[in-house]
Structure formats: C-alpha cells, structure tokens
Amino acid sequence: MEQLKIENTTLEIVQGDITNQKDIEAIVNAANAYLRIGGGVAGAIHMAAGPELEEESTKLGPIKPGEAVITGAYNLPNKYVVHCLGPVYERDIPHDKLLANCYKNAIDICEEKGIESIAFPAISTGAFGYPVEEAAQVALKQIIDKMKGLKKLKIIRMVLFSRNDFLIHIETLKKLYK
Ligand code: AR6
C-alpha cells in the first residue's frame, strides 16, 4: 500500500475489490448514465448490494459525464454508494476535465454529508476505454488538489483491481508528488 497524507486526509492506493472495502463509509460506482446494473464495477456493486440499490439509483438517472449522485449501500458493508458517470474516452470531451469532475463531485458530496472515508475504482478505465496511465494522472491530481482544506473526509482510497493498474497508480503518485 502506498499512502500520502495532506493536512487531515490520507490518500491510500491499494490493490483489491471495490465491493470488499469493509472499513470505508462510501464506495464509488463507475456507473452508466441510467444508473442501471451494467458490467464491471457497476455489475459487482449491484450484485453485492442487492436489487434495492437499482430501485433507488435508477430514480436519480440519467446523469451526465462527470456528475455524481449518492444512494444507500444495502447489503454492501458500506453506508453509501456514490455513483459517478465517467467519460467515454475520446467521445465525451474534454475527457480529462469530465473525469476530474467525477472525483471532485464525489469528494464534495462526502464533505456535504459528513462522510469520513471514500473508496474509488479507476473510473472510465474499463468499458469506457480511458488508458489507465492517463486516467491515473487525472484522478490522482484532482484528488491531491481537493485534499487541501477538507474538513470531514479523512481517508480517500483508490482501489485497483489488477496488479498492473495498482503499480501504475503508485508510479503516477510518485511522479506527481515528489
Ligand atoms: N473492484 C475494483 N475495480 C474493478 C472491479 C472491482 N470489483 N471490477 C472491475 N474493476 P468499468 P468504466 C476495474 O468497466 O470504464 C459498466 O458496464 C476495471 O478493471 O467497471 O467507467 C457500466 O454499467 C477497470 O480498470 O467502468 C458502464 O456502462 C475499472 O474498474 C461502464 O461499464 C473500471 O471499469 C462504465 O465503464
């Protein structure tokens, strides 16, 4: 695990499954616009949460790239799911701004609701085709920018599914924060 502390907040980078973050209050879903079940992260989250999640989430859709909304987490070990719609690479432009907005808006929701910990997957890097090296730079830069002055949020965790994505995020963090 790699960690970076800025003021009162710690950024953690781990390899793992977003549905298995038992010590985290809110996990982030790499959602589709209609907040339906879907595949990848969204499929895993809905499967673990149970059907009530889709009942609640679909009422909040459709959302636009970069937007984030919050629901309960039902059978997941967390309290909330924050659903972010990432950009489809090279279709939703500017993709870097829209991807950064996902992280920014999710963190703003936590501050508004007094949530102390959040875990993100690498939004847009699966079905939406965002190259992981580029996405890691955008995500980590935006997270670090937001970490200054946070009042409620104490832990921000990036959860990478594969070893390769995990190592790319660690390298990117080292380059951004030396
Ligand atoms: N935990 C953590 N990361 C995961 C997990 C998991 N359980 N499963 C996959 N990943 P994706 P997107 C990684 O496709 O690109 C869905 O169908 C995966 O390796 O879930 O934003 C939705 O319904 C990849 O690096 O999200 C949307 O239509 C990253 O999570 C669309 O896909 C994101 O992959 C969203 O596409």
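To keep things clear, this report deals only with the structure shown in the data block. Everything numeric in this text was worked out from a predicted model, so none of it was measured.

**Quick notes on the site of the ligand**
Point 1. Taken together, 21 residues surround the ligand, and among them Asn32, Gly39, Val41, Ser124 and Thr125 come closest.
Point 2. One of the backbone nitrogen or oxygen atoms of valine 41 is found 2.7 Å away from an oxygen atom of the ligand.
Point 3. Within the backbone of serine 124, an N or O atom sits 2.8 Å from an oxygen atom of the ligand.
Point 4. With respect to the pocket detection grid, the ligand is positioned in the largest pocket.
Point 5. Ranked by residue count, the leading element in the shell around the ligand is helix H1 (residues 40–49), at 4 residues.
Point 6. Class assignment of the residues belonging to the shell around the ligand gives a composition of 11 nonpolar, 8 polar and 2 charged.

**Some details on the nonpolar core**
Point 1. By size, the foremost hydrophobic cluster in this structure holds 40 residues, and its most contacted members are Leu11, Ile118, Phe120 and Ile156.
Point 2. When residues in this core are grouped by element, the largest group, 8 residues, is from helix H3 (residues 95–113).
Point 3. Those residues in contact with isoleucine 118, other than ones at most four positions away along the chain, are Ile24, Ala26, Val28, Val82, Ala106, Cys110, Leu153, Ile155, Ile156 and Arg157.
Point 4. Counting 12 residues, the second-largest nonpolar core is a separate cluster that includes Val14, Leu53, Leu76 and Val81.

**Details of unusual backbone geometry**
Point 1. A cis amide bond links glycine 61 to the next residue, proline 62, at an omega of -5 degrees.
Point 2. Positionally, proline 62 belongs in the loop between helix H2 (51–58) and strand E4 (68–72).
Point 3. For the peptide bond that leads from isoleucine 93 to proline 94, omega is 0 degrees, which places it in the cis range.
Point 4. Looking at the element boundaries, proline 94 is found in the loop between strand E5 (80–84) and H3.
Point 5. Positive phi, normally seen in glycine, also occurs at glutamate 90, with a value near 65 degrees.
Point 6. Of note, glutamate 90 is situated in the loop between E5 and H3.

**Let's talk about the sheet that holds strand E2 (residues 9–15)**
Point 1. Across the sheet, 7 strands lie side by side as E1-E2-E7-E6-E3-E5-E4; this open sheet has mixed pairing. For this open sheet the edge positions go to strand E1 (2–6) and E4, each flanked by a neighbour on one side alone. In this sheet, neighbouring strand axes are inclined to one another by 20 degrees on average, regardless of whether the strands run parallel or antiparallel.
Point 2. Where E1 meets E2, 5 bridges bridge the pair, whose relative direction is antiparallel. Each bridged residue has a counterpart across the sheet, and for isoleucine 6 the counterpart in E2 is threonine 9.
Point 3. The sheet contacts of H3 involve E4, E5, strand E6 (117–120) and strand E7 (155–160), and relative to E4 the element is tilted by about 45 degrees.
Point 4. The strands touched by helix H4 (residues 132–147) within the sheet are E1, E2, E6 and E7, with E2 carrying the most contacts at an inclination of about 155 degrees.

**Thoughts on the side chain of asparagine 78**
Point 1. The residue asparagine 78 is located in the loop between E4 and E5 in this model.
Point 2. Taking the relative accessible area as the measure of exposure, asparagine 78 reaches 9% and is therefore buried.
Point 3. In this structure the side chain of asparagine 78 is engaged in a polar contact, spanning 2.7 Å, whose partner is the backbone oxygen of glutamine 21.
Point 4. Excluding anything up to four places from it in sequence, asparagine 78 contacts Gln21, Ile24, Glu25, Ile27 and Ala73.

**Examining the packing of aromatic side chains**
Point 1. Under the definition given, this model contains 2 aromatic pairs.
Point 2. Where tyrosine 89 meets tyrosine 130, the ring centres are 4.8 Å apart and the plane angle is 55 degrees; that geometry is what we call tilted. Taken together, the residues tyrosine 89 in the loop between E5 and H3 and tyrosine 130 in the loop between E6 and H4 connect sequence positions 41 residues apart.
Point 3. For tyrosine 89, a relative accessible area of 19% gives the class buried.
Point 4. By relative accessible area, which is 2% here, tyrosine 130 ends up buried.
Point 5. Relative to phenylalanine 120, the ring of tyrosine 103 has its centre 4.7 Å away and its plane inclined at 40 degrees; by these criteria the two rings are tilted. Separated by 17 residues along the polypeptide, tyrosine 103 in helix H3 and phenylalanine 120 in strand E6 bring together distant segments of the chain.
Point 6. Judged by relative accessible area, phenylalanine 120 falls into the buried class, the value being 0%.

Conventions and cut-offs
Counting from 1, residues in each chain are numbered in the order their sequence is written. Thresholds applied to this predicted model are a pLDDT of at least 70 for local features of residues and 80 or more for the giving and counting of side-chain atom pairs; totals over whole chains, interfaces and linings are not thresholded and use all residues. Note: side-chain values were computed over all heavy atoms of the structure, leaving out hydrogens and water. A cutoff of 4 Å decides nearness: a residue is near a molecule or strand if any of its heavy atoms lies inside that distance of it. Polar contact criterion, stated in full: a pair of N or O atoms within 3.5 Å, where within protein one must be able to donate a hydrogen and the other to accept it, and residues adjacent in sequence count only if both atoms are side-chain atoms. Method remark: on a 1 Å grid restricted to protein atoms, a set of points is classed as a cavity if a 1.4 Å probe fits but cannot get out and as a pocket if it is open with protein on both sides within 12 Å along at least five of seven lines; lining residues have an atom within 4 Å of a point. Those molecules having more than half of their atoms within 2 Å of a cavity or pocket grid point set are described as sitting in that cavity or pocket. Secondary structure is summarised from DSSP: a helix means a run of H or I of at least four residues, a strand means a run of E of at least two, and numbering begins at the N terminus for each. All residues other than Ala, Val, Leu, Ile, Met, Phe, Trp, Tyr, Cys, Pro, Asp, Glu, Lys and Arg, Gly among them, are scored as polar; the first ten of these are nonpolar and the last four charged. Residues enter a nonpolar core if they are buried and are Ala, Val, Leu, Ile, Met, Phe, Trp, Tyr or Cys, with the set joined through side-chain atoms within 4.5 Å. When a residue's accessible area, from a 1.4 Å probe over protein chains only, is under 20% of the maximum for its type it is buried; when over 50% it is exposed; and in between it is partly exposed. Residue contacts are defined here by distance: any two heavy atoms, one from each residue, within 4.5 Å place the two residues in contact. At least two DSSP bridges between two strands are required for those strands to pair. Simply put, an axis is a line fit to the C-alpha atoms, just over the touching stretch for a helix, and the angle between two N-to-C directions goes from 0 to 180 degrees. By convention, a stacked pair of Phe, Tyr or Trp rings (six-membered ring in the case of Trp) has centres within 6.5 Å and planes under 30 degrees apart, an edge-to-face pair has planes over 60 apart, and any other such pair is tilted.

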